[in-house]
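What follows is the residue order along each chain.
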Amino acid sequence: MSYWQFSPIPNIEESNFNKILERFYNLKVAGLIRENIQNSLDGRLLDSEDPVKFSITTGTIQKKDVPGINEVIKRIHSLKGRNSYTKEAIEHMVKTSEEEEVHYISFEDSNTRGLSGAKNGQSNSSKDTWAIYAYNKGVHSEEEDAAVETSRGGSHGVGKIASNAASDLNVMYFANCDANGDQHLGGTVQLIEHEFEGQSYRSTGYFADIERLGPNKSKFYPFENTFHKVFEKKTRGLKIIIPFLRKEYSDETDIIRSVCDSFFVSILLNKLEVDVNGRKIDANNIQEYVNDPEYYTQNIADMKHVFTPLYVSTYLEQPARTLHVSDGKEEYEFNLYFRYDEEIPKGRVAIIRTIGMKIEDKKVKNKANQPFNAVLIGGAKEDAYLKSLENESHTELTDDHIKDPVLQKRAKRFINNLSRAMTTVIDEAIKDHNPTDGKMDTKDLLYVSEVQFKQELSKAMGAVVIDKKKPVVKMDDDLPPRKGKKKPGGSSKPTNPPLIKPVKRTTSADDTDTNDDKPLSIFNIHPNTVERLLMGNKEIVRFNLSSNEEVKKASTCNVSISIIDGMGQEYRSAFKLKDNFSQVIDKSTGSTCSLNNNKINHVTINEGVAELTFDLKNNYNRALKFVYYVEV
């Protein structure tokens, strides 16, 4: 008796593994968790308000207890790699297959329908969801109810292969118990096209019995489930079992974090409960996991890649507002939960499907570094449109997969308009949190300044008398253009003053730089090359150093700051960095700069630009004017 069936082919034409395996492998455990929970939510009981219960178990099993695995291993030994990638992959599979005790992970759901029509085997009926799930690639079963179909997470029909990608042997099993209590076991393995015992075969193998219907026709049927208890599924629903689990997929902390990252809305809405090796995550305790430093960074300033704690608090604590987004033809209406907090280092919008699954941590164009957090959820109409924009992995809204040029144009417009609408919300929040200080009556100040200016001018400049009654004063600009060298016979050509000027290095008793740390050159930065932005207790400063080739070519620099008063008098050592800044962040790297010798050390220069974020102390005087120096 044979457990695994591969379709015979006349010749080997494809010598590579399925490309989608690599795509899901790169998504790691997050992709595996997302695909399997989404399938369970799609298969929920439609007449029940109870949450879908999803159980994740990791453990070990003896190789001999994995059904039919020796047949798969024999096939693996027959594979022939024709490039370096397939050779390496086959060698790894052969080596792993020698282990007698192997790791596994299983996903079991309840309050779900399970697959139907298993007894019909490989049929063409749209009602036999077993046949579609087990034997059809790139196809997902569709619900008869359009509203239910719209709300489902699956759409491309390729997510089934995510479970194969998690196995060192690319093998997975699925145990099903249907509405009648019938229990069956199926499975797939993804190899490459190969020759076995003198016959060439396709790359995909099915854990199934086979019925021969003629010389060139056959039909697959699943086995009744009488296998090891790891493969048992006795209650209605589906169970996925992945033996030879890759080591990087078995970390329990990563698994729990992946559940919360993608499905926090489903869990909070009591649509989903997840059990991970006996640790339950539900609507009552998900905040305990999200607020636990074992799973998530709790310092808001450090939340630069994972934003789940922010999303959960934003969703629970902020009121919903309406956000309208158009694709040029249709207008869509979303609920937006928005939070502005100057401690947030990266601004992201969680795009959520109505099923409660997060699709994307969306960056708003030119606002990725603004201090906000948002959650965006639409209704049925909006859900249907978002579903059409998702990529195969359900991790991004994109127009790349849309072939119709009209629909693709509308998709681009929708994505751009979503960014514009969010930009308006963000700008309003910045304006509300950074009000102007009020109107100032400056007429007296201007009058005094004008009088003083005339007095100073008359003292400083000599008068030219053109007649006995009207003295005239001729003056130059503050920054007179320099005269270039006069060519013989030519006229002198004015040149602009340098924006970045070298200055002579001076030493002081406080200078503790080692010889290796001492910079080679110091430059004075003209105010025209410096941009400053004050927001709350932060100041962002951008230096454009591209006008000086020596500075532009440097990869890092040190920055020092001097105070300058209204008369142009400079005070080199009066401003103490540590007295005014709690920390200084290099925006290019996101790292904190050291402040040795009253200098900001090792600031990154990226294509001639250096950017810093200053966290200001309460005593910082916002009216001060500065002169900046860079050392390279």
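No experiment lies behind these values; they were computed from the predicted model shown.

Parameters at a glance
Just so you know, the residues in each chain are numbered from 1, in the order the chain's sequence is written. Under the rules for a predicted model, residues below a pLDDT of 70 receive no local features and side-chain atom pairs below 80 are neither given nor counted, while totals for whole chains, interfaces and linings still include all residues. Based on all heavy atoms of the structure, the side-chain values leave hydrogens and waters out of the count. Comment: elements are numbered from the N terminus, with helices defined as DSSP H or I runs of at least four residues and strands as E runs of at least two. Residue contacts follow a heavy-atom distance rule, with two residues in contact if any of their heavy atoms lie within 4.5 Å. Salt bridges are counted wherever a side-chain nitrogen of Lys or Arg sits within 4 Å of a carboxyl oxygen of Asp or Glu. Relative accessible area decides the class of each residue, using a 1.4 Å probe on protein chains only: under 20% of the type maximum gives buried, over 50% gives exposed, and in between gives partly exposed. Think of it this way: a Phe, Tyr or Trp ring, Trp meaning its six-membered ring, pairs with another when their centres are within 6.5 Å, and the plane angle makes it stacked under 30 degrees, edge-to-face over 60, tilted otherwise. A ring is considered to have a charge above it if a Lys NZ or an Arg CZ atom is located within 6 Å of its centre and within 35 degrees of its normal. Within this scheme, the nonpolar core is defined by two criteria: the residues are buried Ala, Val, Leu, Ile, Met, Phe, Trp, Tyr or Cys, and they are joined through side-chain atoms within 4.5 Å. Confidence of the predictor at the level of single residues is given by pLDDT, which spans 0 to 100. In this description, strands pair whenever DSSP reports at least two bridges between them. Helix axes use the C-alpha atoms of the stretch in contact, all axes being lines fitted to C-alpha atoms, and the angles between their N-to-C directions lie in the range 0 to 180 degrees. We call a pair of cysteine sulfur atoms a disulfide when they lie within 2.5 Å. Comment on the angle field: the value is read as roughly parallel under 35 degrees, roughly antiparallel over 145, roughly perpendicular from 65 to 115, and oblique elsewhere. Two helices that cross are described as forming a left-handed crossing if the nearer one is turned anticlockwise from the farther one by less than a right angle, and a right-handed crossing if clockwise. The residue classification treats Ala, Val, Leu, Ile, Met, Phe, Trp, Tyr, Cys and Pro as nonpolar and Asp, Glu, Lys and Arg as charged. All others, Gly included, are polar.

### Quick notes on the overall build of the protein
Along its length, the protein carries 15 helices and 33 strands. By sequence separation, contacts in the protein at least 24 residues apart represent 70% of the contacts at least 6 residues apart.

### Here's the deal with the pattern of salt bridges
In a structure, side chains of opposite charge can pair up when their charged atoms sit close to one another. Taken as a whole and assessed by the stated rule, the structure comprises 22 salt bridges. Note that arginine 246 is salt-bridged to aspartate 168, the shortest N-O span being 3.4 Å. One end of the pair, arginine 246, is in the loop between strand E11 (237-243) and helix H8 (252-268); the other, aspartate 168, is in the loop between helix H7 (161-165) and strand E4 (171-177), with 78 residues separating them in the sequence. Given a relative accessible area of 16%, arginine 246 falls into the buried group. Salt-bridge contacts for arginine 339 lead to aspartate 341; the nearest nitrogen and oxygen are separated by 3.2 Å. We classify aspartate 341 as buried; its relative accessible area is 19%. A network of salt bridges, in which partner residues are shared, links Glu273, Lys280 and Asp282.

### Regarding unusual backbone geometry
Positive phi values are uncommon outside glycine, yet asparagine 111 reaches one of about 60 degrees. Inspection of the secondary structure puts asparagine 111 in the loop between strand E3 (101-110) and helix H5 (129-135). Classification of asparagine 111 as partly exposed rests on a relative accessible area of 23%. With a phi close to 50 degrees, asparagine 277 is a non-glycine residue in the positive phi region. A residue is classified by how much of its surface remains accessible, and asparagine 277, at 31% relative accessible area, is partly exposed.

### Some remarks on the packing of aromatic side chains
For the coordinates displayed, the defined rule picks out 33 aromatic pairs. Seen from their ring centres, tyrosine 133 and phenylalanine 174 are 5.0 Å apart, and the 85 degrees between their planes marks the pair as edge-to-face. Here phenylalanine 174 lies in strand E4 and tyrosine 133 lies in helix H5, a separation of 41 residues in the sequence. Measuring from centroid to centroid gives 5.7 Å for tyrosine 135 and phenylalanine 220, while their planes differ by 55 degrees, and the two rings are tilted. Of the two residues, tyrosine 135 is situated in helix H5 and phenylalanine 220 in strand E9 (residues 217-221); the sequence distance between them amounts to 85 residues. By relative accessible area, which is 9% here, tyrosine 135 ends up buried. Overall, phenylalanine 220 belongs to the buried group, its relative accessible area being 5%. The ring of tyrosine 629 carries arginine 572 above its face, with NZ or CZ at 4.3 Å from the centroid.

### Topic: the nonpolar core
Residues Ile56, Phe338 and Met422 are the most contacted members of the largest nonpolar core, which totals 90 residues. Broken down by element, the residue count for this core peaks at ten residues, all from helix H12 (residues 405-433). The next biggest cluster of nonpolar side chains, apart from the first, holds 38 residues, and it includes Trp4, Phe6, Leu185 and Ile241.

### Topic: the confidence of the model for the protein
Residues of the protein with pLDDT of at least 70 account for 84%, and the chain-wide mean is 85. Note on residues 475-480: pLDDT is under 50 here. Beyond four places in sequence and across chains, it has three contacts.

### What to know about the sheet that holds strand E18 (residues 372-378)
A sheet is described by the order of its strands in space; here five strands give the open sequence E14-E15-E18-E16-E17, paired in mixed fashion. One side of each edge strand has no neighbouring strand; the edge strands of this open sheet are strand E14 (320-326) and strand E17 (358-362). Within the sheet, the average angular offset between the axes of one strand and its neighbour, ignoring direction, is 25 degrees. As judged from the five bridges shared by strand E16 (residues 348-352) and E18, these two strands associate in the parallel manner. Bridging across to E18, valine 349 finds its partner in alanine 374. Here helix H10 (residues 308-317) sits on the sheet and contacts strand E15 (331-340), E16, E17 and E18; the angle it forms with E18, its principal contact strand, is near 65 degrees. Sheet contacts for H12: E14, E15, E16, E17 and E18; angle to E14, the most-contacted strand, approximately 140 degrees.

### Quick word on the sheet that holds strand E30 (residues 591-592)
Judged by pairing direction, the sheet is antiparallel, and its five strands sit side by side in the order E25-E26-E32-E29-E30 without closing on themselves. Strands at the two margins of the open sheet, each flanked by one partner only, are strand E25 (530-535) and E30. Bridge count for strand E29 (residues 581-586) against strand E32 (residues 609-616) is five bridges, and the pairing is antiparallel. Paired with valine 584 across the two strands is phenylalanine 614, which belongs to E32.

### A few points about the state of the cysteines
Across all of its chains, the model carries zero disulfides by this definition. The cysteine cysteine 593 is free of any disulfide, with cysteine 557 supplying the nearest cysteine sulfur at 9.2 Å. Look at cysteine 593 and you get buried, because its relative accessible area is 9%.

### Observations concerning helix H3 (residues 69-78)
Taken residue by residue, H3 has Ile69, Val72, Ile73, Arg75, Ile76 and Ser78 as its buried positions. In this structure, the buried residues of H3 make contact with strand E1 (4-9), helix H4 (84-96), E4, strand E5 (183-190), strand E6 (194-196) and strand E7 (199-207).

### Brief notes about the pairing of E5
The element E5 is extensively covered by neighbouring structure, given that seven of its eight residues are classed as buried. Relative to E5, E4 runs antiparallel, the two sharing seven bridges. By the bridge assignment, methionine 172 is partnered in E5 with threonine 188. Sheet topology note: the E5/E7 ladder contains three bridges and is antiparallel. Across the sheet, valine 189 pairs through a bridge with glycine 205, a residue of E7.

### As for the packing of helix H2 (residues 28-42) against H8
With their axes 9 Å apart at the nearest point, H2 and H8 run at an angle of 45 degrees to one another. Considered as vectors, H2 and H8 are oriented oblique to each other. Considering only the axes of H2 and H8, their crossing is right-handed. On the side of H2, the interface is formed by Val29, Ala30, Ile33, Arg34, Ile37, Gln38 and Leu41, while H8 contributes Asp254, Ile255, Ser258, Val259, Ser262, Phe263 and Ser266. Per-class residue counts for the contact of H2 with H8 are eight nonpolar, four polar and two charged.

### Structural notes on the environment of glutamate 343
Tracing the sequence through the fold places glutamate 343 in the loop between E15 and E16. By relative accessible area, which is 47% here, glutamate 343 ends up partly exposed. Sequence spacing of glutamate 343 and aspartate 615 is 272 residues, and the spatial spacing of their C-alpha atoms is 9.9 Å.

### Description of the packing of helix H11 (residues 380-389) against H12
At their nearest, the axes of H11 and H12 sit 11 Å apart, and the two run at 110 degrees to each other. For the element pair H11 / H12, the angle class is roughly perpendicular. As for how H11 packs across H12, the hand of that crossing is left-handed. Within the contact between the two elements, H11 uses Tyr385, Leu386 and Leu389 and H12 uses Arg410, Ala411 and Phe414. For the contact of H11 with H12, the residue count by class is five nonpolar, no polar and one charged.

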